[in-house]
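# Structural overview for review
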Amino acid sequence: MGLWLPSVVLLLCSAGFLALSSAAPANTSASFSFEENFDIMFADDHFRTSPDGQIWYLYLDKKTGCGFQTRQRYRFGWFSMKLKLVGGDSAGVVTAYYMCSDLDAAPDRDELDFEFLGNRTGQPYTIQTNVYKSGIGGREMRHTLWFDPTQDFHTYSILWNTHRIVFFVDRVAIRVYKNNGKPNNFFPSGKPMYMFSSIWNADDWATRGGLEKTDWKKAPFVSSYKDFHADGCQWKDPFPACVSTTGEHWWDQYEAWSLTDGQQEDLSWVGRNLVIYDYCKDTERYPKLPEECLL
């Protein structure tokens, strides 16, 4: 795909951007400063910012990693962040960007995951997405990417409403996770979630199933973040009015319930070229496919 891929990807990215822009009007998302909206989860001394405070760096060494979380919880909406991943030899390193209903990863948590699985120098990153409902995950998909995520910032986004969850990379839909409109045990919709980012060592599983270990001589490993945007329903106890299907927000309107033709073309191309694992096709692991796989 060497010479052919870039021109096609440019078309795909353009199509995805235009398709999403029609559903998400410009300037609907609020961009937040770190101090106003985030708390460091652990290891304050492994967190840095650029001189202007606009770029945030998380460090991992043999001692510890680092992470941060939003102070605010959300239930439904559009959430995005620009990330630049650890460059060079990053085997064993996981950079995570995810939503979770609990600060302490409680056993009954709901969760929406982006996990970036590092690799040996020159090998592509693997991006893993997962969905948890009431503490049960096992819904992994893994993709390669059409660019080097260590060379520049790229945007990773989640659209979450009562009908579906869509994972986007640079506004290209890479995964759609659907609801069936009925009470079920697979679609997280009842619990508000915080947004988290973290970097940590996972060389027991992250790279080639744990065969490739973290080379601590290359530490510290640094992941970079900027431009967090959230256009969602901020949770207010006991139950904010905006979580119902009111149509007052673009992410809650009919156009956001399904993909446009352009987005569907993007998703189909990604499925043919970049998916390397889909739990819904793993019949050895799931002889009886989970209910959501049949939607």
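Just so it is clear, the structure is predicted and the values come from calculations on it, not from any experiment.

### As for the UniProt feature "glycosylation site" (unreviewed entry) in the protein chain
Here the UniProt-annotated "glycosylation site" (unreviewed entry) positions come out as Asn119. Position of Asn119 relative to the elements: it lies in the loop between β8 (111-117) and β9 (126-132). Those residues in contact with Asn119 that sit more than four places away from it in its chain are Gly88, Asp89, Ser90, Ala91, Pro124 and Thr207.

### A look at helix α3 (residues 261-273)
Here α3 contains 13 residues, and its C-alpha end-to-end distance of 18 Å stays within 8% of the 18 Å for a straight helix at 1.5 Å per residue. Considered for burial, the residues of α3 that qualify are Gly262, Gln263, Asp266, Leu267, Trp269 and Val270. Viewed along the axis of α3, the buried residues span an arc of 160°, placing them on a single side of the element. Opposite the packed face of α3, turned more than 90 degrees from it, sit the exposed residues Asp261, Glu265 and Arg272.

### Comments concerning the state of the cysteines
Tallied over the full model, the rule gives 1 disulfide. With a sulfur-sulfur separation of 1.9 Å, Cys280 is cross-linked through a disulfide to Cys293. Handedness here is read from the sign of the S-S torsion; for Cys280 and Cys293, about -80°, the answer is left-handed. Taken together, the residues Cys280 in the segment after β16 (275-278) and Cys293 in the segment after β16 connect sequence positions 13 residues apart. According to the relative accessible area criterion, Cys293 is buried, its value standing at 17%.

### Concerning the pairing of strand β15 (residues 221-234)
As paired strands, strand β4 (residues 55-60) and β15 are joined by 6 bridges and run antiparallel to one another. Residue pairing for β15: Tyr59 is matched across the bridge by Val222. Pairing between strand β6 (residues 74-84) and β15: 8 bridges, direction antiparallel. Residue pairing across strands places Lys84 opposite Ser224, the latter belonging to β15.

### Focus: the pairing of strand β5 (residues 66-70)
Burial runs high along β5: 5 of the 5 residues are buried. A two-sided burial pattern is seen for β5, the buried positions comprising Cys66, Phe68 and Thr70 on one face and Gly67 and Gln69 on the other. Looking at chain direction, strand β2 (residues 38-42) and β5 are connected through 4 bridges and run antiparallel. Opposite Phe42, over in β5, you have Gly67 as the bridge partner. Pairing between β5 and strand β14 (residues 194-201): 4 bridges, direction antiparallel. Looking across to β14, one finds that Cys66 is bridged to Ile199.

### Quick word on the packing of aromatic side chains
Throughout the structure, instances matching the rule amount to 24 aromatic pairs. Their ring planes at 85° and their centres at 5.2 Å tell us that Phe38 and Phe68 sit as a pair that is edge-to-face. Of this pair, Phe38 sits in strand β2 while Phe68 sits in strand β5, and the two are 30 residues apart along the sequence. Note on Tyr177 and Phe187: the rings are 6.2 Å apart at their centroids and 15° apart in plane angle, and the pair reads as stacked. Of this pair, Tyr177 sits in strand β13 (residues 172-178) while Phe187 is found in the loop between β13 and β14, placing the two residues 10 residues apart along the sequence. Both residues of the pair, Tyr177 and Phe187, count as buried.

### Observations concerning the environment of His249
The residue His249 is located in the loop between β15 and α3 in this model. Judged by relative accessible area, His249 falls into the partly exposed class, the value being 23%. A sequence separation of 18 residues divides His249 from Asp231, and the C-alpha atoms of the two residues are 8.7 Å apart.

### A closer look at unusual backbone geometry
Cis geometry marks the peptide bond from Ala219 to Pro220, where omega comes out at 5°. Counting through the fold element by element, Pro220 comes out in the loop between β14 and β15. You will see that Phe76, though not glycine, has its phi angle at about 80°, which is positive. Inspection of the secondary structure assignment puts Phe76 in strand β6. Look at Phe76 and you get buried, because its relative accessible area is 2%.

What counts and how
The residue numbering used here restarts from 1 in each chain and proceeds along that chain's sequence as written. Where totals are concerned, whole chains, interfaces and linings use all residues; where local detail is concerned, this predicted model gives features only for residues with pLDDT of at least 70, and gives and counts side-chain atom pairs only at 80 or more. In computing side-chain values, all of the structure's heavy atoms are included and hydrogens and water are not. UniProt positions are given in the numbering used here, feature names are shortened, and annotations may be inferred rather than shown by experiment. Helical segments are the DSSP runs of H or I of at least four residues, strand segments are the runs of E of at least two, and each set is numbered from the N terminus. Between two residues, a contact is recorded if the distance between any of their heavy atoms is within 4.5 Å. An expected span of 1.5 Å times one less than the residue number is assigned to each helix. Burial classes follow relative accessibility: with a 1.4 Å probe on protein chains only, a residue under 20% of its type's maximum area counts as buried, one over 50% as exposed, and anything between as partly exposed. What the arc measures is the spread of directions leading from the helix axis to the C-beta atoms. Cysteine sulfur atoms are paired as a disulfide whenever they fall within 2.5 Å. For two strands to pair, DSSP has to find at least two bridges joining them. Aromatic pairing here means that ring centres of Phe, Tyr or Trp (its six-membered ring) are within 6.5 Å. Orientation follows from the plane angle: under 30 degrees is stacked, over 60 is edge-to-face, and everything else is tilted.

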